[in-house]
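A closer look at the structure
The residues making up each chain are set out below.
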Amino acid sequence: KLSGLQSLQLHTCGITAGAMATLTLPNSIRALRLTQSAAMLVPLIDNTVLEQLSHYTSLQSLALNGLMQCTEAGVVGLITKLPNLTKLSWGTFPMTDRIAAVLPAQLTHLALGNCSQISNNGFGVLIPSLTSLVSLHLQKANGFEAFVPPLVNTANNIAQLSKTVRDLYLDT
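Every chain is numbered independently, its residues counted from 1 as its sequence is written. Reporting of local features is limited, given that this is a predicted model, to residues whose pLDDT is at least 70; pairs of side-chain atoms are given and counted only at 80 or more, and all residues count toward the totals for whole chains, interfaces and linings. Side-chain figures throughout are based on the complete set of non-hydrogen atoms in the structure, without hydrogens or water.

What about the pattern of salt bridges?
Whenever a carboxyl oxygen of Asp or Glu lies within 4 Å of a side-chain nitrogen of Lys or Arg, that contact is scored as a salt bridge. Counted according to the given criterion, the structure contains 2 salt bridges. Between Lys81 and Glu51 there is a salt bridge, with the nearest N and O atoms lying 3.5 Å from each other. With Lys81 in the loop between helix H3 (72-80) and strand E4 (87-90) and Glu51 in helix H2 (residues 47-53), the pair connects residues that are 30 residues apart, well separated along the chain. Remark: exposure states derive from per-residue accessible area (1.4 Å probe, protein chains only) relative to the maximum for the residue type, with buried under 20%, exposed over 50%, and partly exposed in between. Given the relative accessible area of 39%, Glu51 is considered partly exposed. Notably, a salt bridge pairs Glu72 with Arg98, separated by 3.5 Å at the nearest N-O pair. One end of the pair, Glu72, is in helix H3; the other, Arg98, is in helix H4 (residues 97-102), with 26 residues separating them in the sequence. Overall, Glu72 belongs to the partly exposed group, its relative accessible area being 27%. For Arg98, a relative accessible area of 43% gives the class partly exposed. Put simply, DSSP marks the helices as runs of H or I at least four residues long and the strands as runs of E at least two long, and each gets a number from the N terminus on.

Quick word on the layout of surface pockets
With a 1 Å grid laid over protein atoms only, a set of points is called a cavity when a 1.4 Å probe fits there but cannot get out and a pocket when it is open yet has protein on both sides within 12 Å along at least five of seven lines; lining residues have an atom within 4 Å of a point. Grid points are joined across faces, edges and corners, and a volume is the space filled by probe spheres set on the points. Of the pockets and cavities examined, the second largest pocket occupies roughly 210 Å³. Contributing to the lining of the second largest pocket are 17 residues, with Arg33, Ser61, Leu62, Ala63 and Ser89 lying nearest its centre. If you list the elements that add at least two residues to the lining of the second largest pocket, you get strand E1 (7-11), strand E2 (31-35), strand E3 (61-65), E4, strand E5 (109-112) and strand E6 (135-139).

Overview of the sheet that holds E6
Picture the strands of a sheet paired through backbone hydrogen bonds; they go either parallel or antiparallel. Taken together, the 7 strands give an open sheet; going across it, the order is E1-E2-E3-E4-E5-E6-E7, and neighbouring strands pair in parallel fashion. The open sheet is flanked by E1 and strand E7 (167-171), the only strands paired with a single partner. The mean angle between the axes of side-by-side strands here comes to 5 degrees, regardless of whether they run parallel or antiparallel. Taken together, the 5 bridges between E1 and E2 define a ladder with parallel strand orientation. Residue pairing across strands places Leu8 opposite Leu32, the latter belonging to E2. For two strands to be treated as a pair, DSSP must find at least two bridges joining them. Here an angle of 0 to 180 degrees is reported between the N-to-C directions of two axes, which are lines fitted to C-alpha atoms, with helices fitted over the stretch in contact.

Here's what the structure looks like:
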């Protein structure tokens, strides 16, 4: 039993989503990183796993890569149930306006691998609401057409970012 565990990283370890959904972590868990190679045939993370993770309200740092079997509603449900979340990262799952609207204001670090589905309005809501943000990494997903995030097209968004963000990475 790992009752004092505060951080867990699982990377392409062959655990299925079904097994992940039955994994019981201690309430002391503060940081969780689950990554899966796109080459894996069996998903590690699905909506059932997201629902299970939503019970770990002490999570402060969450990194998920391999959300291929998840839905927007599953991601929104998870984020809204993690009141202590300050660091969020995920790979190829698309950021949408709906997800942007529920990101907690206390996020200090945000890294997204696919911003191709967020609109100008979504960025307009996202940037002013993240008042504690110090690190922002936005990338396109492999295989998607290049895009220019709408946030760089809006002077107001750049001015808002410059108030708090010290680390800005844009890969278009």
